[in-house]
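# Summary of structural features
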Amino acid sequence: MASPAAAATAPPPAHADGWTPTVAGHSLPAVTGPRSATVQRQTKETKVEVRIDIDGSGKCVTQTPVGFLNHMLDQIASHGLFDVYVAAEGDTWIDDHHTVEDIALALGGALAQALGDRKGIHRFGEFTAPLDEALTHVVLDLSGRAHLSCNLEIPAQRIGNFDTELVEHFFMSFANTSGTTLHIRQLAGKNSHHIVEATFKAFARALRRACEVDERRAGKIASSKGVLTQQ
Ligand SMILES: [Mn+2]
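Rules and cut-offs
- Residues numbered from 1 in each chain as written.
- Predicted model: local features only at pLDDT ≥ 70, side-chain atom pairs only at ≥ 80, totals over all residues.
- Helix = DSSP H or I, 4+ residues; strand = E, 2+ residues; numbered from the N terminus.
- Rg over C-alpha atoms; globule rule 2.2 N^0.38 Å.
- Contact = placed C-beta atoms within 7 Å.
- Buried ≥ 20, exposed ≤ 12 C-beta atoms within 10 Å, placed from the backbone.
- Pairing = 2+ DSSP bridges.
- Axes fitted to C-alpha atoms, helices over the stretch in contact; angles between N-to-C directions.
- Domains from an automatic or database assignment.
- Nonpolar A, V, L, I, M, F, W, Y, C, P; charged D, E, K, R; others polar.

### Side note on the overall build of the protein chain
A count of helical and extended segments in the protein chain gives five helices and 12 strands. Here the C-alpha atoms of the protein chain give a radius of gyration of 17 Å, agreeing with the 17 Å that 2.2 N^0.38 yields for 231 residues. Structurally, the protein chain occupies a C-alpha span of about 45 × 45 × 30 Å along its principal axes. Across the protein chain, every contact between residues at least 6 apart in sequence was considered, and the portion connecting residues at least 24 apart equals 78%.

### Describing the environment of Ile 94
Mapping Ile 94 onto the fold places it in the loop between strand S6 (83–90) and helix H3 (97–115). By C-beta crowding, Ile 94 is classed as exposed, having 10 other C-beta atoms within 10 Å. Note: C-alpha distance between Ile 94 and Asp 117 (23 residues apart in sequence) is 38 Å.

### Considerations on the pairing of strand S3 (residues 36–42)
Of all seven residues in S3, five are buried, a share of seventy percent or more. Of the strand pairs in this sheet, S3 and strand S4 (residues 46–53) are connected by seven bridges, and their pairing is antiparallel. Within S4, the residue paired with Ser 36 across the bridge is Asp 53. Where S3 folds back on S4, the antiparallel hairpin that results is connected by three residues.

### Quick notes on the sheet that holds S4
Across a sheet, paired strands are connected by hydrogen bonds in the backbone, their directions being either parallel or antiparallel. Taken in spatial order, the four strands make up an open sheet running S3-S4-S6-S5, and their pairing is mixed. Only two strands of the sheet have a single partner each, and these edge strands are S3 and strand S5 (60–63). Pairwise comparison of adjacent strand axes, ignoring direction, gives a mean angle of 0° for this sheet. Summarising the sheet, S4 and S6 pair through eight bridges and their orientation is antiparallel. From the neighbouring strand, Arg 51 faces S6, where its bridge partner is Tyr 85. Against the sheet, helix H2 (residues 67–80) touches S5 and S6, its axis set at about 160° to S5. Across the sheet, H3 lies against S3, S4 and S6, angled at about 35° from S4, the strand it touches most.

### Focus on the domain arrangement of the protein chain
Assigned domains within the protein chain: domain 1 (4–115) and domain 2 (124–217). Computed over C-alpha atoms only, the centres of domain 1 and domain 2 are separated by 19 Å. Here the side of domain 1 that touches domain 2 takes 11 residues from H3, the largest share from any one element. Per-class residue counts for the side of domain 1 that touches domain 2 are 14 nonpolar, seven polar and three charged.

If you want it as structure tokens, here you go:
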């Protein structure tokens, strides 16, 4: 794994077929902070590039073919105070599954790379976010181990044309590549858009706390085992 500093300064490798991830005709903004990273992922199903700066200011630029996911990525950036830039193409003529999964895998991978050895961070985070009648509690641990428990009960099968079963799949994929133990508890909610958006807001705030530097930790790893990057 590249160090955060190296990840921030190295230019991203070109995609094999020369695909240039762009937003509205422009290249994705650069990420240059000490805790930032760029991840590209290309398969026969999708091409994805994700850039994240953990110590950002909530900027979000997305160009993916999944409109509702763009809206949720914006929640992660604005409530996590991360800068998040995502460009993606995918086989959405089948459905959104591969595209949503691969964006989540790339986002998790970028976060893991940007966190580096996870020294000095709070490691744990939790937040309960309402959106009108919806209320979701998210607890997470940047433990290095992937786990998802999720009890979301989203009444509608679709929000717009977004398949709501992809919400849980997004978080599972993110947990897998970021090494996050993630618990999501829906406490209330009737409106599907509200339930999902409350979840992403709670996730963003919990993740922000977990990633933030714990001054009292003085740069040490928040683990009695001494390491947070091994399974
Ligand atoms: Mn909304």
